[in-house]
Amino acid sequence: MKSVQLNNNVLRDGHQSLAATRMRTEQMLPVCEQLDNWGFGALETWGGATIDSGLRFLDEFPFDRLDALKKACPKTPHMMLLRGQNIVQYAHFPDDVVTAFIKTSADHGMNIFRIFDALNDTRNMKCAIDACRAAGAQAHGTICYTSSPVHTVAKFIEMGVELEKMGAHAIVLKDMAGLIPPMEAFAIIDGLKKKVKIPVWIHTHDTAGLGTNTYMSAIDAGVDAIDLSVSPFANGTGQPDTTRMLAILQGHERCPQISDEQRKSLREVRTHLEKVYAEMGEFTSHKNEVIDVDTLEYQVPGGMLSNFRTQLKEQKMEDKFEDVFREIPVVRKALGWIPLVTPTSQIVGMQAFLNVKFGRWKQMSPQAADIALGYYGQCPAEVDPEVQKIAAKQAGKEPISCRPVEAPGAQHKHMDDLRKELKAKNFPSDDEHCVIHAMFPPQLEKHLKGEGPKPKPVAMPAEAPKAAPATAAPAASSNGPQKRYGLTINGKQIEVGVEEIV
């Protein structure tokens, strides 16, 4: 049988899942050559939260990062995560902006667009799929996995068939919270492989400790590719580590043949990334590194669990953690059993919090009301009619059944509008700047004015001072040369000697 393709997500989902998406381009570049030459089927280098976070917190213009990574990794196809009609934001954007973003990204070298919708509403994916095909890029139709009384193996397979008919070049089963049991992964992948003619990929996280087992079942079912990362930006809330997955696959008929040079290269990548991980300590958390079985019960992405603990503590409601998370299934059911993925996971979590704090449905967030009224798309199941009435009253608008971007009275800024706004401020008005301005206008303006946030300088180890020859006699058991190093500990520099003892 054909070996399973290995993709690597360390430059996007790896640090998004484990370090708040704060890895800078300069921290990525030293490992690009090794990643590009290793033999991965694709490298995820962009999309998801990296565009927002890079601009908002790192003062990096997003297309500059894509250009730099494409130049550093020219051989391997690049892929990105795209939220359908939301692009990489939470609001719906008009078709011309979606199309322009995809064409511009493809012109800058993006090869594969992994397109999903938070509600699995394929109407919110069609424009992006069409735009990818027109731009000569790969459109990967993505199914967001979740579990509920209305989500079945048959339904997921049916969606995959629909995406193939819409023009997708491949189908991706996206398990964003690491929830999918191995046997269900086998059933879905096996069913898709029997029903569609295009490749089938799978993406999961190791949040609940199921990741590698899920991948093994998917590989046995014939999946064409899996997503991996590299430690320490792997495992836990990230994807399984590449070296770890290869060890688990050893002896399997679909295990890729890996050379000693490839193993050495992975070690070199890991060595560099360990330094980067240490530099990013303020954005990492041990809770993200370990298995969290709570995610199986609450069915929310692992990062949200730790974030919510912090938010409840700030509200002096830490004793209500269990109450809030027990409310999540109640909110999900009322809102039509929506999947929990950005942004719906945050919306459901916030509404569960409001229900506990003020009483059930006494106060609805504007976003939860919009979901109930159809402004995010068609929910998998019927929205509770009473909750929908409350939403309509609080939001002051009626439910819709059309594609959200075409909602009556919706006001959108099109490419011409965006270009005029940029020109009026004497900012660059090319398509690159227009599409970023559409999604993140305040952040782009700060960047262009030079007022963006300046990342803190990285505290690098002190360079070893030139050591004077050692005057102390070596220990009696010493039989090797002594090396001396300069170390900085708590701001104080000391000199240490290391010698071989035999």
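Residues numbered from 1 in each chain as written. Predicted model: local features only at pLDDT ≥ 70, side-chain atom pairs only at ≥ 80, totals over all residues. Heavy atoms only, no water.

Inspection of the secondary structure assignment puts aspartate 175 in the loop between strand 6 (170-174) and helix 9 (182-195). Setting aside residues no more than four positions away along its own chain, aspartate 175 makes contact with Tyr145, Ile180, His203, Thr204 and His205. A polar contact of 2.9 Å, which involves the side chain of aspartate 175, links it to the backbone nitrogen of leucine 179. (Helix = DSSP H or I, 4+ residues; strand = E, 2+ residues; numbered from the N terminus. Contact = heavy atoms within 4.5 Å. Polar contact = N/O pair within 3.5 Å; in protein donor to acceptor, adjacent residues only side chain to side chain.)

Bringing the confidence of the model for the chain into the picture now. Close inspection of predicted coordinates is inappropriate in any region flagged by low pLDDT. Averaged over all residues, the pLDDT of the chain is 90; the fraction at 70 or higher stands at 89%. Every residue in residues 459-502 is under pLDDT 50, and counting partners more than four places away or in other chains gives 47 contacts. (pLDDT = per-residue confidence, 0-100.)

Taken as a whole and judged by the stated rule, the model has eight aromatic pairs. Consider the rings of phenylalanine 63 and phenylalanine 101, whose centres lie 6.4 Å apart with planes at 50 degrees: the pair is tilted. Taken together, the positions of phenylalanine 63 in helix 5 (residues 62-72) and phenylalanine 101 in helix 6 (residues 95-107) put the pair 38 residues apart, joining distant regions of the chain. Through pairs of rings, three or more aromatic residues link up here, namely Trp46, Phe61, Phe63 and Phe101. Here the guanidinium or amino end of lysine 174 rests over the ring plane of phenylalanine 116, the centre of that ring lying 5.5 Å away. The side chain of lysine 397 reaches across the aromatic face of tyrosine 375, ending 4.2 Å from its centre. (Phe/Tyr/Trp six-rings, centres within 6.5 Å; stacked < 30°, edge-to-face > 60°. Lys NZ or Arg CZ within 6 Å of the ring centre and 35° of its normal.)

Taken together, the side chains of Ile291, Val293 and Leu296 present a nonpolar region at the surface, about 280 Å² in accessible area. Locating valine 293 in the fold gives a position in the loop between helix 13 (286-289) and helix 14 (294-298). For valine 293, a relative accessible area of 54% translates into the label exposed. (Patch = residues over 30% accessible without salt bridge, like charges linked within 9 Å, V, L, I, M, F, W, Y side chains within 5 Å. Areas by Shrake-Rupley, 256 points an atom, 1.4 Å probe, with all protein chains shown as cover. Salt bridge = Lys/Arg side-chain N within 4 Å of Asp/Glu carboxyl O. Buried < 20%, exposed > 50% of the residue type's maximum accessible area, 1.4 Å probe, protein only.)

A cis amide bond links serine 231 to the next residue, proline 232, at an omega of 5 degrees. As for its placement among the helices and strands, proline 232 is situated in the loop between strand 8 (225-228) and helix 11 (242-249). For the peptide bond that leads from threonine 342 to proline 343, omega is 5 degrees, which places it in the cis range. Structurally, the position occupied by proline 343 is in the loop between helix 16 (321-334) and helix 17 (344-358). The phi dihedral of threonine 21 is positive, around 60 degrees, even though this residue is not glycine.

Further remarks concern the pattern of salt bridges. This model, assessed by the stated rule, comprises 24 salt bridges. The salt bridge partner of glutamate 26 is arginine 24, with a shortest N-O separation of 3.2 Å. On the basis of relative accessible area, glutamate 26 is assigned to the exposed category, the value being 54%. Two residues, lysine 397 and aspartate 370, come together in a salt bridge whose shortest N-O distance is 2.8 Å. Placement of the pair is lysine 397 in the loop between helix 19 (385-395) and helix 20 (415-424) and aspartate 370 in helix 18 (residues 366-373), with a sequence separation of 27 residues.

Glancing now at helix 16. In an α-helix, one turn spans 3.6 residues; hence positions three or four apart end up facing the same way. Over its 14 residues, helix 16 runs 20 Å from end to end, which matches the ideal 20 Å to within 8%, given 1.5 Å per residue. At isoleucine 328, helix 16 is deflected by roughly 25 degrees, the largest bend along its length, and proline proline 329 occurs up to four residues later in sequence. The complete set of buried residues in helix 16 reads Phe321, Val324, Phe325, Glu327, Ile328, Val331, Arg332 and Ala334. Glycine 336, located one to two residues past helix 16, shows a positive phi value of around 85 degrees. (Expected span 1.5 Å × (residues − 1). Bend = angle between axes of the 7 residues up to and from the residue.)

Moving on, we come to the nonpolar core. Judged by nonpolar contacts, the single largest core of 97 residues is most densely connected at Phe101 and Ile226. In terms of residues, this core owes the most to one element, helix 6, which gives six residues. Beyond its immediate sequence surroundings of up to four residues, isoleucine 226 is in contact with Val4, Gln5, Leu6, Asn7, Ile202, Tyr215, Ile219 and Met245. Counting residues in hydrophobic clusters, the runner-up holds 36 residues, among them Trp361, Met364, Ala369 and Leu373. (Core = buried A, V, L, I, M, F, W, Y, C linked by side-chain atoms within 4.5 Å.)

The next thing to look at is the pairing of strand 8. With burial as the criterion, each face of strand 8 is covered, one bearing Ala225 and Asp227 and the other bearing Ile226 and Leu228. Both strand 1 (residues 5-8) and strand 8 contribute to a ladder of four bridges, which runs parallel. In the strand pairing of strand 8, asparagine 7 is matched with aspartate 227. As paired strands, strand 7 (residues 200-203) and strand 8 are joined by two bridges and run parallel to one another. Paired with tryptophan 201 across the bridge in strand 8 is alanine 225. (Pairing = 2+ DSSP bridges.)

We now examine the environment of alanine 391. Along the polypeptide, alanine 391 turns up in helix 19. Relative accessible area serves as the criterion here: at 0%, alanine 391 is assigned to the buried category. Between the C-alpha atoms of alanine 391 and leucine 373, which are 18 residues apart in sequence, the distance is 7.0 Å. Residue contacts for alanine 391: discarding those within four places in its chain leaves Met364, Ala369, Ala372, Leu373 and Gly396.

Of the residues making up helix 7 (residues 126-135), those classed as buried are Cys127, Ala128, Ile129, Ala131 and Cys132. Check the buried side of helix 7 and you find it contacts strand 3 (78-82), helix 6, strand 4 (112-115), strand 5 (138-144) and helix 8 (153-165). Glycine 136 occupies a position one or two residues after helix 7 and carries a positive phi of about 80 degrees.

Looking at where lysine 70 falls in the secondary structure, it is placed in helix 5. No salt bridge is formed by the buried lysine 70; its nearest oppositely charged neighbour, aspartate 36, is found at 7.9 Å. From its side chain, lysine 70 meets the backbone oxygen of glycine 109 in a polar contact 3.0 Å long. Among the polar contacts made by the side chain of lysine 70, one reaches the side chain of asparagine 111 at a distance of 2.9 Å. If we ignore the near neighbours within four places in the chain, the residues touching lysine 70 are Thr76, His78, His108, Gly109 and Asn111. (Lys, Arg positive; Asp, Glu negative; His and termini not counted.)

The residue glutamate 60 is located in the loop between helix 4 (50-58) and helix 5 in this model. Looking at glutamate 60, its side chain comes within polar contact range of the side chain of threonine 25, at 2.7 Å. Sequence-distant contacts of glutamate 60, that is, excluding residues within four places in its chain, are made with Arg24, Thr25, Gly54, Leu55, Arg65 and His447.

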